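If you want the building blocks of each chain, they are given just below.
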Amino acid sequence: MKQGKYVLATSLLAALSACGGGGGSTTATDNPQTPPSAATAAPVSVPIVVSDASSENWAAINITLVSLTLTDTNGKQTANLLSTPWSGNLEQLDNIASSLQAATLVSGSTYTGATLTISANPGDVSLVVASDPEPGFPEAANAVIPASRIQIQGAQGTTGALTVTVPVKLAQPFTAPQASSATNPTPTSNSGAINIEFDLDHPAFIVGHVPAAGAANIWSVNFNGPVRHKPVNDLTRLILNHQYATVTSVSPSINTVVFELNKATLSNGNYSATDTGKSLTASLDSSNGTLFYDLDTPANNATIKDFSNSAIVTALQQPGVYVRIACRYQQNGSLILTRIYASKSFSKVFISPEGHVIHVDSNAGTSFWMDQADGKPAKILIDPTTKFFFRNPNAASDATPIGSGSAFVSARNLLRGFKVKVTPADASANPLHASTVDIEAAPFNGRIGNVSTSGFNLGYQFNTSDDNYSSPLTYISSATANGFDPLNPSVAISGFKFWNYGFPTLITYTNAGTDAIKAFVATTGGANNAAISFGTAATAYYAQGQTYAVWGDAANKNGWSAPYAVLTPITIPRTSVSSALVAGTGSNQYSFGISAKGGTKPVTVYVSTASGSATLVYQVDRTKDVVSITPQDITSSAGLSALQTALATSGVRIEVTGIPQADGSLKGSTVKYYTGTQPSSDR
């Protein structure tokens, strides 16, 4: 049974350096900060990063971002904030961020919109199938989808220069902070960030049309709709991905390093370093220490708080040395080095598999498999000395191991779906033996169960049943800081919180009148779980959720805890209309019935036409080999009429996602209906 997995988002983050600048994530704090007071106009430095979350079916979703601009309250648009285009695999940035560069805004300016330009020539968006996609996925594992079967919606321009323009309205205005001075662009305060999200599992982002007649599958990629603004609060808790570089200079007196950033370029089957023309300055962690790994001379490996060790300075400054670095941002916008890997061989630095865990030998705990960006799985062996880290900036787990060896794995602390980066003990070995494993993101998804006031389970079923899990999670401590109320940014949140997918500003948290944990138990149906049913065991669907867990919270010092839960819509496969759309009893409410293949009774779906919270509706049309996706705004009479017409005939194929309700109905999140060539009844 398809679990209807929903990821939290891909984020394109333009963050003020004073706020910690980097990292787009949906960890524990994703709410806006109180805007700064009026500022004197002056240039202020703005780092820009891109990040995302994962999708089970894809190993790679590659895009090229050509430009990003902001629009102020007067309608004036900034220049392109990117000096060069950014290309990358959105799948590899699961809950972490890739730093693009620093841009400049004007202190005191207020911005209300952003505009993205994405390259849209054939091949500019590429898709690689994961090595173990969900059951029923219509493409072969590891397949590279030909460019001829990828259609980018909304492409404009001339051949060879096609682009898609994506306008995004900011959920709330953003005011650039005060600069330190007219000549120093460092901001003087923490003032939030501009976070533009790509929702990878949005039902209209990548739409596969599998025709009943058996013609080739067409994958339609639509950026308008799945891209949105989501305010972010504490960027110091967000995670930057590893970067490749050469060392420009080392300053032992102030414990900083200047790097020239590289990117890995594939040529004739080999990867080499290519200078990006961008620099980066970062400092050692003088409090917790920076982990230094000399991949050529392991005797130099050490935890360093300064550059008093001349051998390490020499190793960094010798000609031809390449490095891989992991950093975190501070409140003042500076970068702190958490790890440095150095070698005169770029292949040693580069050979560090990164991707999602796709299989774990949880019995012996001696190995796991992971998907890489090329779609090919890699087997990783666990030695007794293998150290596991959890990338949680400003926490001990980012600098000290949370476990080691096979015992950590056999205890099911590493699960399928986790995003990891592996440093091999010997880059030439096959298979690779892990020296260190960085857990960059720990997503738990699926059916919510065993809900109590002390915790709950999240369980997921995969194509490979050995990877199935139902894992217990504790709530984070009631004393753990957990962001701010997005509708009242002066109110700090502590402890667990939850919200419905698509409504991240409507957060339930503990306050004078609400106990968030008791509310969560009631909402999810407690130990019995909320469910809808089409009359058979095979057509029963349960409340689902997702969290990105944290390690070492006060509530669970040696395990995973949930800082929040997002109640995610479930996708009901193989559905058709059983009764037409009619007005409901509530304001702006309509309902219709659906039947599921294999079921014996219908389920009622409620949709909303309320502005700002309307159910998302899409018309998917395939005419010959051209697929088009058209949003239908059902807050308008024309859009509502189009939906009524589409649902007027019993038996018409549709796809619905929604959240199960206590009365057995489904609160509709999205509705897709089809025109032209109809899709296969098996999907």
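Right, let's walk through the structure included here. Per-chain numbering applies: the sequence of each chain, read as written, is numbered from 1 onward. The predicted origin of the model limits local features to residues at a pLDDT of at least 70 and limits the giving and counting of side-chain atom pairs to 80 or more, whereas totals for whole chains, interfaces and linings rest on all residues. The side-chain quantities take in all heavy atoms of the structure and omit both hydrogens and water.

**Quick look at the overall build of the protein**
Then step 1. Counting from the N terminus, the helices are DSSP H or I runs at least four residues long and the strands are E runs at least two residues long. Secondary structure assignment for the protein yields five helices and 46 strands.
Then step 2. Per-residue accessibility, obtained with a 1.4 Å probe over protein chains only, is compared with the maximum for each type, and a residue is labelled buried under 20%, exposed over 50%, and partly exposed between these values. Counting only residues that meet the buried cut, the protein has 57% of its 683 residues in that class.
Then step 3. Restricting the contact set of the protein to residue pairs at least 6 apart, pairs at least 24 apart contribute 66%.
Then step 4. As displayed, the protein offers around 25,200 Å² of accessible surface, 50% of which is attributable to carbon and sulfur atoms. Only heavy atoms enter the contact rule, under which two residues are in contact if any of them lie within 4.5 Å. In short, Shrake-Rupley with a 1.4 Å probe defines the accessible areas, and a residue's cover is counted only from the protein chains shown.

**Points about the packing of aromatic side chains**
Any pair of aromatic rings gets described here by the distance separating the centres and the angle formed by the planes.
Then step 1. A pair of aromatic rings is counted whenever rings of Phe, Tyr or Trp (Trp by its six-membered ring) have centres within 6.5 Å, and the orientation is called stacked for planes under 30 degrees apart, edge-to-face for over 60 and tilted otherwise. What the rule picks out here adds up to 27 aromatic pairs.
Then step 2. Between the aromatic rings of tyrosine 475 and phenylalanine 520, the centroid separation amounts to 6.4 Å while the plane-to-plane angle is 90°, which identifies the pairing as edge-to-face. Of this pair, tyrosine 475 sits in strand S29 (residues 469-475) while phenylalanine 520 sits in helix H4 (residues 516-523), placing them 45 residues apart in sequence.
Then step 3. Relative accessible area serves as the criterion here: at 5%, tyrosine 475 is assigned to the buried category.
Then step 4. Under the relative-accessibility criterion, phenylalanine 520 is labelled buried at 0%.
Then step 5. Both rings, one in phenylalanine 496 and one in phenylalanine 520, keep their centres 5.2 Å apart while their planes meet at 70°; by these two values the pair is edge-to-face. Residue phenylalanine 496 is found in the loop between strand S31 (488-494) and strand S32 (497-500), and its partner phenylalanine 520 is found in helix H4; the two are separated by 24 residues along the sequence.
Then step 6. Classification of phenylalanine 496 by relative accessible area gives buried; the value is 3%.

**Some thoughts on the sheet that holds strand S12 (residues 218-221)**
Then step 1. We call two strands paired when DSSP finds no fewer than two bridges between them. Taken in spatial order, the three strands of this open sheet run S8-S12-S11, and their pairing is mixed. Pairing within the sheet leaves two strands with one partner each, and these edge strands are strand S8 (150-152) and strand S11 (206-209). Neighbour-to-neighbour, the strand axes of this sheet turn through a mean angle of 25°, independent of strand direction.
Then step 2. Summarising the sheet, S8 and S12 pair through three bridges and their orientation is parallel. Bridge pairing in S12 places isoleucine 150 opposite tryptophan 219. Fitted lines through C-alpha atoms give the axes, limited to the stretch in contact for helices. The angle between two N-to-C directions lies from 0 to 180 degrees.

**Comments concerning the side chain of asparagine 89**
Then step 1. Among the structural elements, asparagine 89 can be located in strand S4 (residues 86-89).
Then step 2. A polar contact of 3.2 Å, which involves the side chain of asparagine 89, links it to the backbone oxygen of alanine 59.
Then step 3. N or O atoms within 3.5 Å of each other form a polar contact, as long as, within protein, one can give a hydrogen and the other can take it, and as long as residues adjacent in sequence are counted only when both atoms are side-chain atoms. Polar contacts involving the side chain of asparagine 89 include one to the main-chain amide nitrogen of isoleucine 61, which spans 2.9 Å.

**Looking at the pairing of strand S6 (residues 110-119)**
Then step 1. When you tally the buried positions in S6, you get eight out of 10 residues, the bulk of the element.
Then step 2. In terms of strand pairing, strand S3 (residues 58-72) meets S6 through seven bridges, oriented antiparallel. Each bridged residue has a counterpart across the sheet, and for aspartate 72 the counterpart in S6 is tyrosine 111.
Then step 3. When S6 meets strand S9 (residues 163-175), the two strands line up antiparallel, connected through nine bridges. Within S9, the residue paired with glycine 113 across the bridge is lysine 169.

**Let's talk about the pairing of strand S23 (residues 377-390)**
Within a regular beta strand, the side chains point alternately toward one face of the sheet and then the other, so they alternate between its two faces.
Then step 1. Note: strand S22 (residues 367-371) against S23, five bridges, orientation antiparallel. Looking across to S23, one finds that aspartate 371 is bridged to proline 377.
Then step 2. The pairing of S23 with strand S26 (residues 432-441) spans seven bridges and is classified as parallel. Across the sheet, residue isoleucine 380 finds its bridge partner in S26, namely leucine 432.
Then step 3. Strand direction decides the pairing type here: S23 and strand S24 (residues 403-404), joined by two bridges, are antiparallel. The residue of S24 that forms the bridge with phenylalanine 388 is glycine 403.

**Details of the nonpolar core**
Side chains of nonpolar character tend, in soluble globular proteins, to be buried together.
Then step 1. Remark: nonpolar core denotes a set of buried residues (Ala, Val, Leu, Ile, Met, Phe, Trp, Tyr, Cys) joined through side-chain atoms within 4.5 Å. Of all hydrophobic cores here, the largest spans 44 residues; its most connected members are Phe368 and Phe456.
Then step 2. Tallying contributions element by element places S23 first for this core, with five residues.
Then step 3. Here phenylalanine 456 is in contact with Ile448, Gly449, Asn450, Val451, Ser471, Pro472, Leu473, Tyr475, Phe496, Phe520, Ala562 and Ala565, once residues within four sequence places are set aside.
Then step 4. Grouped together as the second largest cluster of nonpolar side chains are 41 residues, Ile63, Leu70, Leu82 and Ala176 included.

**Digging into the side chain of aspartate 485**
Then step 1. Relative to the helices and strands, aspartate 485 resides in strand S30 (residues 481-485).
Then step 2. Within the local environment of aspartate 485, its side chain forms a polar contact with the side chain of tyrosine 509, the two groups lying 2.6 Å apart.
Then step 3. Excluding residues within four positions of it along the chain, aspartate 485 makes contact with Val491, Ile493 and Tyr509.

**Brief notes about the sheet that holds strand S36 (residues 544-548)**
Then step 1. Taken together, the nine strands give an open sheet; going across it, the order is S33-S32-S39-S36-S27-S28-S29-S38-S37, and neighbouring strands pair in mixed fashion. The outermost strands of the open sheet, each flanked by one partner alone, are strand S33 (508-509) and strand S37 (550-551).
Then step 2. Looking at chain direction, S32 and strand S39 (residues 564-568) are connected through four bridges and run parallel. Within S39, the residue paired with lysine 497 across the bridge is tyrosine 564.

These values are about where atoms sit, not about what they do.
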